[in-house]
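Geometric and topological summary
So the chains spell out like this:
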Amino acid sequence: MSSSDIFIGETIGTAILILLGGGVCAAVTLKASKARNAGWLAIAFGWGFAVMTAVYIAGPLSGAHLNPAVTVALAIKDGEWSNVPVYFAGEFLGAMLGATLVWIAYYGQFQAHLTDKEIVGGPGAQATAAKSVEAQEQGAGPVLGIFSTGPEIRHTVQNLATEIVGTVVLLLAVLTQGLNDAGNGLGVLGGLITALVVVSIGLSLGGPTGYAINPARDLGPRIVHALLPLPNKGGSDWSYAWIPVVGPLIGGALAAGIYNVAFA
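Quick caveat: nothing in here was measured; it's all calculated off a predicted structure.

On a plain count of helices and strands, the chain comes out with twelve helices and zero strands. Of the regular secondary structure in the chain, the N- to C-terminal order runs α-α-α-α-α-α-α-α-α-α-α-α. In the chain, buried positions account for 49% of the 264 residues. Of the contacts made within the chain by residues no fewer than 6 positions apart, 79% connect residues no fewer than 24 positions apart. Put simply, the chain shows about 11,200 Å² of open surface, and 66% of that area lies on carbon and sulfur atoms.

Written out as structure tokens, the structure reads:
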């Protein structure tokens, strides 16, 4: 794979991943969406199908890492680091593009949601949820969850551990079952397996932090949230932002170590 193929594949694939994954979060969250309040099951399966679609699109070009934690794990496993910066560049750019496309697709819903007095407050407003108020006090705006993750209970060690554990599970599945014959990405069956693993992680381990398990998936859209001209958008919760970046990278490295000791 050439550097240009890797960059283009990762950019397109990660953009599709975030468009569909962030899209299901927008569909469930925004007040004028037909899917509002569809629930956690819809989000978990939406992200799983997003992974599957993105893998099948990007696989022929880049091997479909779509996640810096995957890139780091494969680099540790194979000892090949030369293309890591190219993968990272495509993944983070793609994540930002995908988040921007979510905003475009749901533009009217964002405007309606963020100007609704029951959502953002104002004279005569009703309190929608104590959790929402608490989150905003912590620096997370009312639609930040569409773009990036946040904890239900803020406990740095636990939040970091949750992201590490979830990413270890993901990467062990990728490394042991999801590599194609060339060993450089997800094969046809691997894409489906990984999608179902992501659904499983979401249902089983996603509750505490929202299961970023992917630094680009969280940081890229968080930057977009900070930059977009959204009315009453609130903060981007930068005090938490390092956890869904560092945790998955540690998890990817640990999974590669486990693989090299136990499976290689």
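Resuming the write-up.
This brings us to the pattern of salt bridges. Here the structure, examined in full by the defined rule, presents five salt bridges. Across the pair lysine 31 and aspartate 116 runs a salt bridge, and its minimum N-O distance is 3.0 Å. On the criterion of sequence distance, the pair formed by lysine 31 in the loop between helix 1 (3-29) and helix 2 (40-62) and aspartate 116 in the loop between helix 5 (107-114) and helix 6 (117-120) is long-range, its members being 85 residues apart. A relative accessible area of 35% places lysine 31 in the partly exposed class. Note that glutamate 118 is salt-bridged to lysine 31, the shortest N-O span being 3.4 Å. Remark: lysine 31 occurs in the loop between helix 1 and helix 2 and glutamate 118 occurs in helix 6; sequence separation between them is 87 residues. Connected via shared salt-bridge partners are Lys31, Asp116 and Glu118.

Overall, the predicted model of the chain reaches an average pLDDT of 91, with 89% of residues at or above 70. Overall, residues 124-137 carries pLDDT values under 50, and its contacts beyond four positions in sequence, including any with other chains, amount to nine contacts.

In this structure, valine 72 sits in helix 3 (residues 68-78). The class of valine 72 is buried, set by a relative accessible area of 12%. Once the C-alpha coordinates of valine 72 and valine 84 are considered, the two residues, twelve residues apart in sequence, prove to be 7.4 Å apart. Excluding residues within four positions of it along the chain, valine 72 makes contact with Trp81, Phe88 and Leu249.

What follows deals with the environment of glycine 139. In this fold, glycine 139 is placed in the loop between helix 7 (130-137) and helix 8 (144-147). Overall, the relative accessible area of 22% leaves glycine 139 in the partly exposed class. Sequence separation between glycine 139 and glycine 234 is 95 residues; the distance between their C-alpha atoms is 7.0 Å. Beyond its immediate sequence surroundings of up to four residues, glycine 139 is in contact with Gly235, Ser236 and Asp237.

It is worth spelling out unusual backbone geometry at this point. Residues other than glycine seldom take positive phi values, yet isoleucine 213 does so here, at roughly 45°. Take isoleucine 213: it is sitting in the loop between helix 10 (188-205) and helix 11 (215-227).

What follows is about helix 4 (residues 84-105). An ideal rise of 1.5 Å per residue puts 32 Å on 22 residues; helix 4 measures up with 31 Å between its terminal C-alpha atoms. Considered for burial, the residues of helix 4 that qualify are Val84, Tyr87, Gly90, Glu91, Gly94, Ala95, Gly98, Ala99, Val102 and Trp103. Against the buried residues of helix 4 lie helix 1, helix 2, helix 3, helix 5, helix 8 and helix 11.

To continue, consider the packing of helix 1 against helix 4. When two helices pack together, their arrangement is given by the angle between the helix axes and the distance between those axes. One can describe the packing of helix 1 onto helix 4 by two numbers: an axis separation of 6 Å at closest approach and a directional angle of 35°. In this structure, helix 1 crosses over helix 4, and the sense of that crossing is right-handed. Residues that form the contact of helix 1 with helix 4 fall into these classes: 15 nonpolar, eight polar and two charged.

How each quantity is defined
- Residues numbered from 1 in each chain as written.
- Predicted model: local features only at pLDDT ≥ 70, side-chain atom pairs only at ≥ 80, totals over all residues.
- Heavy atoms only, no water.
- Helix = DSSP H or I, 4+ residues; strand = E, 2+ residues; numbered from the N terminus.
- Buried < 20%, exposed > 50% of the residue type's maximum accessible area, 1.4 Å probe, protein only.
- Contact = heavy atoms within 4.5 Å.
- Areas by Shrake-Rupley, 256 points an atom, 1.4 Å probe, with all protein chains shown as cover.
- Salt bridge = Lys/Arg side-chain N within 4 Å of Asp/Glu carboxyl O.
- pLDDT = per-residue confidence, 0-100.
- Expected span 1.5 Å × (residues − 1).
- Axes fitted to C-alpha atoms, helices over the stretch in contact; angles between N-to-C directions.
- Left-handed = near helix turned anticlockwise from the far one by under 90°.
- Nonpolar A, V, L, I, M, F, W, Y, C, P; charged D, E, K, R; others polar.

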